[in-house]
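Examining the three-dimensional arrangement
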Amino acid sequence: MRTTLLQTPFLRSLLSLLLSIAVLSSGSLFSMGCSTRAESGTWTADSTLVYPGKIAGDVTCTITFCEKFSSKTGQCTGVSRSFEMMEDAKVRAVIHLENVSARGDDDLSFHLVWLDPNDDTIFKKRVEVTPDPSNTTLTSSLSITPDNRELGRYKFRLYLFRELMAEKSFELY
């Protein structure tokens, strides 16, 4: 009777061990590159819910809502969390990033997401940011004309590499 290599107990054990190592290492390769942000957030003084990264000193932010934003001066006017719906009116989200170089020199991929009172996405924008201390502000705006929006509490969410980083709500009246 002839025995193949796979029928010997030693080689079956060795093959099983190698297969296990391959599966475990492939799982760690898929999870490399982005850390999981904390499951619970922390409220900041300006009512932004921030989900800190598990890496010490990770990228973080503040979110400010305003009626107008000057890209030249970096100043917001009409800062509020409550806005009146009017023709041609907009709410602007101004996101100030901190520690943009915490993850090295690779570009950072952000998603800026606006949600209606039913938590349905009404607008999403993807932004790639090259880590640079002079490049720390993101902006996005949402039209709040009465024809397009309803009264209620809206949310703005910021994702970093598809992980929720921060959110903040505002009212339309």
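Anything mentioned here points back to the structure above.
The residue numbering used here restarts from 1 in each chain and proceeds along that chain's sequence as written. In keeping with the predicted nature of the model, local features appear solely for residues at pLDDT of at least 70, side-chain atom pairs appear and are counted solely at 80 or more, and the whole-chain, interface and lining totals rest on all residues. Water and hydrogen atoms play no part in the side-chain values, which are based on all heavy atoms of the structure.

1. Some remarks on the nonpolar core
Residue types Ala, Val, Leu, Ile, Met, Phe, Trp, Tyr and Cys, when buried and joined through side-chain atoms within 4.5 Å, form a set referred to as a nonpolar core. Using a 1.4 Å probe on the protein chains alone, a residue whose accessible area is under 20% of its type maximum counts as buried, one over 50% counts as exposed, and one in between counts as partly exposed. Core analysis: the biggest nonpolar cluster contains 30 residues, and Ile-95, Phe-110 and Leu-158 have the highest contact counts within it. Contacts are residue-level and defined by heavy atoms, with any inter-residue pair within 4.5 Å sufficient. If near-sequence neighbours (up to four positions away) are discounted, Leu-158 is found in contact with Cys-61, Ile-95, Leu-97, Phe-110, His-111, Leu-112, Leu-138, Glu-163, Leu-164, Met-165 and Ala-166.

2. Regarding the side chain of Ser-169
Put simply, DSSP H or I for four residues or longer makes a helix, DSSP E for two residues or longer makes a strand, and each gets a number counted from the N terminus. Positionally, Ser-169 belongs in strand 12 (residues 163-172). By relative accessible area, which is 13% here, Ser-169 ends up buried. Side chain to side chain, Ser-169 and Arg-81 meet in a polar contact 2.9 Å long. A polar atom in the side chain of Ser-169 sits 3.0 Å from the side chain of Arg-153. Those residues in contact with Ser-169, other than ones at most four positions away along the chain, are Phe-65, Arg-81, Arg-153, Tyr-154 and Lys-155. Here a polar contact means two N or O atoms within 3.5 Å. Within protein one must be a hydrogen donor candidate and the other an acceptor candidate, and residues neighboring in sequence count only if both atoms are side-chain atoms.

3. Quick notes on the sheet that holds strand 10 (residues 137-143)
Pairing in this open sheet of three strands is antiparallel, and the strands run 3-7-10 from one edge to the other. At either end of the open sheet lies a strand with only one pairing partner, and these are strand 3 (60-66) and strand 10. Shown here is a sheet whose adjacent strand axes are inclined to one another by a mean of 20 degrees, direction ignored. Only strands that DSSP links by at least two bridges are regarded as paired with each other. With seven bridges connecting them, strand 3 and strand 7 (residues 90-98) associate as antiparallel partners. Bridge pairing in strand 7 places Phe-65 opposite Ala-93. Axis angles are defined between N-to-C directions and span 0 to 180 degrees, where every axis is a line fitted to C-alpha atoms and, for a helix, only to the segment in contact.

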